[in-house]
Amino acid sequence: MSDAQKHFRDLLHAQRVWDVPLPRFDPSDAPATPLPLFHSWFTEAVAAGQHEPHTMSLATADADGVPDVRTLMLHDADERGWHFATHTTSAKGRQLAARPYAALGFYWPAQGRQVRVRGTATPASREESRADLRARSTGALAAALTGSQSAVLPAYEDLVRASGAAWERAGAEPDAEVATWTRYVVEPREVEFFQGDDRRRHVRLRYRRDGAGWTRELLWP
């Protein structure tokens, strides 16, 4: 084993998780549907000082069924589902066009909590996608205007030039249109809430779609 590999492994094994007092979660008090519990846990994550609690992992699969994952921002969570946005021409946009299924993962280590969502990802209306873009910051609009997400970049200087032009346009045209920018809604089939426990008696509560309602069930950790 090389010195670099040994250093990495020693460093890895020295890491610890949940070195703060963890909240208790009684699943018998959980609401009948997952959305109110998600709203509550998100609010508590913010109150606990969790850094970037609105970031999440998005997993998709391409036309061959090969999985892919990345981190992006949650744009909303309502009765329709969990919302995010991207270009239809990006890797995730193309993958969702081929296989419209997605999984989301939230991790809030400040409280030892995770939330997992699985379901169907559906594009929102053009009006809602336009409104989503208009609600973003100048920098976010500039990034959307830069375009070509996930395409091969010949040289970093090409990005600098395209980004500079996009920033200028975003400042001059705050309502600029980006035809490929699309908001997606993940309509959940399953939502799991995981509460860590320092004795490894983790609580896992899964909501599973059952007709028009939800079935709640505990899972072994």
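Here the structure is a predicted model, which means the values were calculated and not measured. Residue numbering note: each chain is counted from 1, following its sequence as written. Selection of residues for local features in this predicted model requires a pLDDT of at least 70, selection of side-chain atom pairs for listing and counting requires 80 or more, and totals for whole chains, interfaces and linings are taken over all residues. Hydrogens and waters are ignored; side-chain quantities use all the structure's heavy atoms.

A. Main features of the pattern of salt bridges. Just to be clear on terms, a salt bridge is a Lys or Arg side-chain nitrogen sitting within 4 Å of an Asp or Glu carboxyl oxygen. On inspection of all chains with the given rule, the structure shows 17 salt bridges. Where R80 meets D78, a salt bridge forms, and the shortest distance between an N and an O atom there is 3.6 Å. We call a residue buried when its accessible area falls under 20% of the maximum for its residue type, exposed when it is over 50%, and partly exposed in between, using a 1.4 Å probe and counting protein chains only. With relative accessibility at 41%, the residue R80 sits in the partly exposed group. With a closest N to O distance of 2.8 Å, D132 and R183 form a salt bridge. Taken together, the positions of D132 in helix α4 (residues 126-134) and R183 in strand β7 (residues 181-195) put the pair 51 residues apart, joining distant regions of the chain. Residue R183 is classed as buried on the basis of its relative accessible area, which comes to 9%. The network of salt bridges with common partners includes R24, D197 and D198. Helical segments are the DSSP runs of H or I of at least four residues, strand segments are the runs of E of at least two, and each set is numbered from the N terminus.

B. Representation of a nonpolar patch on the surface in the model. Each patch is built from residues lacking any salt bridge and having more than 30% relative accessible area; the joining distance is 9 Å for like charges and 5 Å for nonpolar side chains (Val, Leu, Ile, Met, Phe, Trp, Tyr). Here the Shrake-Rupley method, with its probe set to 1.4 Å, supplies the accessible areas, and only the displayed protein chains count as covering residues. A surface patch of nonpolar side chains, about 390 Å² in accessible area, is lined by L153, Y156, L159 and V160. Tracing the backbone shows V160 in helix α6 (residues 156-172). Overall, the relative accessible area of 46% leaves V160 in the partly exposed class.

C. Here's a closer look at the pairing of strand β9 (residues 213-219). Should DSSP find at least two bridges between two strands, the strands are regarded as paired. Where strand β8 (residues 203-210) and β9 come together, 7 bridges link them in antiparallel fashion. Each bridged residue has a counterpart across the sheet, and for Y207 the counterpart in β9 is R216.

D. Structural context of unusual backbone geometry. Located in the positive-phi region is W18, a residue other than glycine, with phi close to 55°. Tracing the sequence through the fold places W18 in the loop between α1 (3-14) and α2 (34-47). The class for W18 is buried, based on a relative accessible area of 18%. In this structure, S150 is a non-glycine residue whose phi angle is positive, near 80°. On the secondary structure map, S150 appears in the loop between α5 (138-146) and α6.

E. Local environment of the packing of aromatic side chains. Stacked, edge-to-face and tilted labels apply to pairs of Phe, Tyr and Trp rings (six-membered ring for Trp) whose centres lie within 6.5 Å, assigned for plane angles under 30 degrees, over 60, and everything in between, in that order. For the structure on display, the rule yields 12 aromatic pairs. Residues F25 and W41 carry aromatic rings whose centres are separated by 5.2 Å and whose planes lie at 80° to one another, so their mutual orientation is edge-to-face. You can see F25 sitting in the loop between α1 and α2 and its partner W41 sitting in helix α2, a full 16 residues away along the chain. We classify F25 as buried; its relative accessible area is 12%. Since its relative accessible area comes to 2%, W41 is described here as buried. Consider the rings of W41 and F193, whose centres lie 5.3 Å apart with planes at 85°: the pair is edge-to-face.

F. Summary view of the side chain of R183. Two N or O atoms form a polar contact when they lie within 3.5 Å of each other; inside protein one atom must be a possible hydrogen donor and the other a possible acceptor, and for residues adjacent in sequence the pair counts only when both atoms belong to side chains. A distance of 3.1 Å separates a polar atom in the side chain of R183 from a polar atom in the side chain of H83. A distance of 2.8 Å separates polar atoms of two side chains, one belonging to R183 and the other to D132. We call two residues contacting when some pair of their heavy atoms lies within 4.5 Å. In this structure, R183 is in contact with H75, D76, H83, F84, A85, T122, P123, A124, E128, S129 and D132, ignoring residues within four places of it in sequence.

G. Just the nonpolar core, in detail. Formed by 29 residues in total, the largest nonpolar core has its most connected members in F38, W82, F106 and V115. Those elements that place two or more of their residues in this core are α2, β1 (55-61), β4 (81-87), β5 (101-108), β6 (113-123), β7 and β8. Looking at this core element by element, the count peaks at 5 residues for α2. Counting residues in hydrophobic clusters, the runner-up holds 11 residues, among them A85, L133, L141 and V178. For the purposes of this section, nonpolar cores are sets of buried Ala, Val, Leu, Ile, Met, Phe, Trp, Tyr and Cys residues that join through side-chain atoms within 4.5 Å.

H. The arrangement of the packing of α5 against α6 in detail. Between N-to-C directions, angles span 0 to 180 degrees; the directions come from axes that are lines fitted to C-alpha atoms, helices contributing only their stretch in contact. Where α5 contacts α6, the axes come no closer than 8 Å and their chain directions differ by 125°. By the criterion of interaxial angle, the relationship of α5 to α6 is oblique. Like other packed secondary-structure pairs, α5 and α6 cross with a definite hand, here right-handed. Together, T138, G139, L141, A142, L145 and T146 of α5 and L159, A162, S163, A166, W167, R169, A170 and G171 of α6 make up the contact between the two elements. Here the residues of the contact of α5 with α6 are counted per class, giving 8 nonpolar, 5 polar and 1 charged. In what follows, roughly perpendicular refers to angles from 65 to 115 degrees, roughly parallel to angles under 35, roughly antiparallel to angles over 145, and oblique to any angle outside these ranges. When the near helix sits turned anticlockwise from the far one by under a right angle, the crossing is termed left-handed; a clockwise turn instead gives a right-handed crossing. Three classes are used, and their members are as follows: Ala, Val, Leu, Ile, Met, Phe, Trp, Tyr, Cys and Pro are nonpolar, Asp, Glu, Lys and Arg are charged, and the others, Gly among them, are polar.

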